[in-house]
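Below are the chains, spelled out letter by letter.
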Amino acid sequence: MSKITRALIGGNWKCNGTVASVKQMAEVLNGAGAFPATSEVVIAAPSIHLTTCKSLFRPDIAVASEDVGYKRGYGAFTGEQSAEMLFDSGITWTLTGHSERRVGFGYPGETSEVVGVKTKNAIDVGMSVIACIGEQLSDREGGKTMDVCAEQLNGLKAALAEGDWKKVVIAYEPVWAIGTGVTASPQQAQETHAEIRTWISKNISASVADETRIIYGGSANAKNCNELYAMDDINGFLVGGASLKAEFIDIINCTAK
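Residues numbered from 1 in each chain as written. Predicted model: local features only at pLDDT ≥ 70, side-chain atom pairs only at ≥ 80, totals over all residues. Heavy atoms only, no water.

J.: So what exactly am I meant to see when it comes to the overall build of the chain here?
T.: Along the backbone of the chain there are 11 helices and 8 strands. At 17 Å, the chain has a C-alpha radius of gyration in line with the 18 Å of a compact globule built from 257 residues. Expressed along its principal axes, the backbone C-alpha trace of the chain runs to roughly 45 × 45 × 35 Å. Looking at the 257 residues of the chain, the share that counts as buried comes to 53%. Of the charged side chains in the chain, 23 are positive and 29 negative; the average position of the first set lies 3 Å away from that of the second. (Helix = DSSP H or I, 4+ residues; strand = E, 2+ residues; numbered from the N terminus. Rg over C-alpha atoms; globule rule 2.2 N^0.38 Å. Buried < 20%, exposed > 50% of the residue type's maximum accessible area, 1.4 Å probe, protein only. Lys, Arg positive; Asp, Glu negative; His and termini not counted. Charge placed at Lys NZ, Arg CZ, Asp CG, Glu CD.)

J.: Looking at this structure, I do not really get the nonpolar core. What am I missing?
T.: In a soluble, globular protein the nonpolar side chains are often hidden away together inside. Grouped together as the largest cluster of nonpolar side chains are 63 residues, with contacts concentrated most on Phe57, Ile170, Ile196, Ile200, Tyr216, Phe237 and Phe248. With 5 residues, the top contributor of residues to this core is helix H7 (residues 145-159). Ignoring sequence-local partners within four residues, the contact set of isoleucine 200 consists of Ile170, Ser205, Val208, Ala209, Thr212 and Ile214. Among the nonpolar cores identified, the runner-up in size contains 12 residues, and Val42, Trp93, Cys132 and Ala171 belong to it. (Core = buried A, V, L, I, M, F, W, Y, C linked by side-chain atoms within 4.5 Å. Contact = heavy atoms within 4.5 Å.)

J.: Would you take a moment to explain the packing of aromatic side chains for this structure?
T.: To describe a pair of aromatic rings, one takes the distance between the centres and the angle between the planes. Going through the model one piece at a time under the given rule, you end up with 4 aromatic pairs. Relative to phenylalanine 57, the ring of tryptophan 13 lies with its centre 6.0 Å away and its plane at 85°, an arrangement referred to as edge-to-face. Residue tryptophan 13 is found in the loop between strand S1 (7-12) and helix H1 (19-30), and its partner phenylalanine 57 is found in the loop between helix H2 (50-56) and strand S3 (61-65); the two are separated by 44 residues along the sequence. Phenylalanine 57 carries the same exposure label as tryptophan 13, and that label is buried. Here the aromatic rings of tyrosine 229 and phenylalanine 237 are separated by 6.4 Å at their centres, their planes lie at 50°, and the arrangement is tilted. Sitting above the plane of the phenylalanine 35 ring, arginine 58 keeps its charged end 3.8 Å from the centroid. (Phe/Tyr/Trp six-rings, centres within 6.5 Å; stacked < 30°, edge-to-face > 60°. Lys NZ or Arg CZ within 6 Å of the ring centre and 35° of its normal.)

J.: Is there a simple way to think about the side chain of glutamate 84 in this case?
T.: Note that glutamate 84 resides in helix H3 (residues 83-88). With sequence-adjacent residues up to four places away left out, glutamate 84 is seen in contact with Arg72, Gly73, Tyr74 and Val125.

J.: Is there a simple way to explain the pattern of salt bridges in this structure?
T.: In a structure, side chains of opposite charge can pair up when their charged atoms sit close to one another. Summed over the entire model, instances satisfying the criterion amount to 14 salt bridges. Of the charged contacts in the structure, one is a salt bridge between lysine 14 and glutamate 100, with a shortest N-O distance of 2.8 Å. Here glutamate 100 lies in helix H4 (residues 99-103) and lysine 14 lies in the loop between S1 and H1, a separation of 86 residues in the sequence. For lysine 14, a relative accessible area of 21% puts it in the partly exposed group. Residue class for glutamate 100 comes out partly exposed when judged on its relative accessible area of 29%. Here arginine 101 ties to glutamate 110 by a salt bridge, and the two come within 3.0 Å at their closest N and O atoms. Overall, the relative accessible area of 27% leaves arginine 101 in the partly exposed class. Through salt bridges that share partners, Arg72, Glu84, Lys120, Asp124 and Asp164 make up one connected network. (Salt bridge = Lys/Arg side-chain N within 4 Å of Asp/Glu carboxyl O.)

J.: Quick question: what am I supposed to make of the environment of histidine 98 here?
T.: As for its position among the elements, histidine 98 is in the loop between strand S4 (93-96) and H4. Distance from histidine 98 to arginine 72, taken between C-alpha atoms, is 20 Å for residues 26 residues apart in sequence. Among the polar contacts listed, one links the side chain of histidine 98 to the side chain of glutamate 173, at a separation of 3.3 Å. (Polar contact = N/O pair within 3.5 Å; in protein donor to acceptor, adjacent residues only side chain to side chain.)

J.: Looking at this structure, I do not really get helix H8 (residues 186-203). What am I missing?
T.: An α-helical segment advances 3.6 residues per turn. Residues three or four places apart therefore align on the same side. If you check H8, its first and last C-alpha atoms are 25 Å apart, about what 18 residues at 1.5 Å a residue would give, namely 26 Å. Here H8 has its buried residues at Pro186, Ala189, Gln190, Thr192, His193, Ile196, Arg197, Trp199 and Ile200. (Expected span 1.5 Å × (residues − 1).)

J.: How do you make sense of the pairing of S3 when you look at a structure like this?
T.: For a regular strand, side-chain orientation follows a simple rule: the groups alternate between the two sheet faces. A large share of S3 lies buried, amounting to 4 of its 5 residues. Summarising the sheet, strand S2 (residues 39-45) and S3 pair through 5 bridges and their orientation is parallel. Along S3, the bridge assignment pairs alanine 45 with serine 65. Viewed along the sheet, the connection from S2 through H2 into S3 turns out right-handed. Across 2 bridges, S3 lies against S4 in parallel orientation. For alanine 64, the partnering residue across the bridge sits in S4 and is tryptophan 93. At this point the chain moves from S3, through H3, to the parallel S4, and the crossover so formed is right-handed. (Pairing = 2+ DSSP bridges. Right-handed = clockwise from strand over helix to strand, strands pointing away.)

Have a look at this one:
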C-alpha cells in the first residue's frame with residue numbers, strides 16, 4: 001500500500017494542438033480556480049508548443065516534453081531535443097518510454113535500454129521524468145503483464161542510481177486501454193500497480209518503493225477517475241484525450257474527495 005499523499009496528475013497532448021487551441025486550453029486551465037494541494041499538475045505538450053505553454057500556463061502547472069534526446073548536450077543531432085536544451089528553456093519535466101514510442105510509428109520503436117538512457121539524461125540535468133511502462137493486450141491475455149513491465153523497469157534500473165529514483169514517476173499504461181475507451185478495472189489497475197511497487201521494493205529498495213508515485217494511464221477520464229484514485233497504489237493519472245478538454249479539471253480535483 002502506498003503512503004503517498006500528493007498525486008501527480010499528468011496530461012499528454014500527444015501530436016495535438018494548434019496555436020489557437022493551445023491558447024484556449026490555457027485559458028480554461030488558468031480559470032479553473034485553486035487546485036487541491038493533493039494534486040501536482042504536469043502537462044506534456046508537443047515540442048512546437050512547449051515554450052508557448054510555459055508562457056501561458058499559471059505557475060502551478062508544469063510543462064513537460066513528450067520525449068527527450070538520446071544524445072547529451074548540443075551538436076549534430078538533427079531533429080533531437082537534448083535534456084540540456086529542454087532544461088535551458090525552462091522545461092523541467094519529460095515523458096520517456098511512452099508505448100507509442102516503444103512500438104514505433106511504422107518503424108522500429110525504442111528499446112527499454114534507450115528509454116533508460118533518455119531517463120538518465122533528463123535526470124542528470126535536473127529534470128523530473130514520467131517513465132511509461134505497460135503491456136499489450138496479448139501480454140495481458142497470456143498472463144505476461146508483469147514480465148513485460150519488469151523488462152521495461154529493468155531498463156530504468158540499469159541506467160539509474162538509487163538516488164535518481166526520487167525524480168521518477170512511473171506511469172503504468174496498459175496499451176490495450178490507451179485511446180480505446182476501454183479502461184482497466186480499478187481492481188486490475190490496482191493489482192498491477194501493487195506488483196510494480198513490489199518489484200521496485202525487491203529490485204531497487206523499499207524506501208524507493210514507498211516514495212515512488214505510480215500513476216495510471218489508460219483512457220482515464222472524469223467519469224472513472226474517482227473510482228481509480230480510490231485504489232491504494234494509484235497515485236494519480238497520465239491522461240490522454242481528456243487532458244485536451246475542460247474535464248481535465250475534474251480529474252485534477254478528484255484527489256481532494
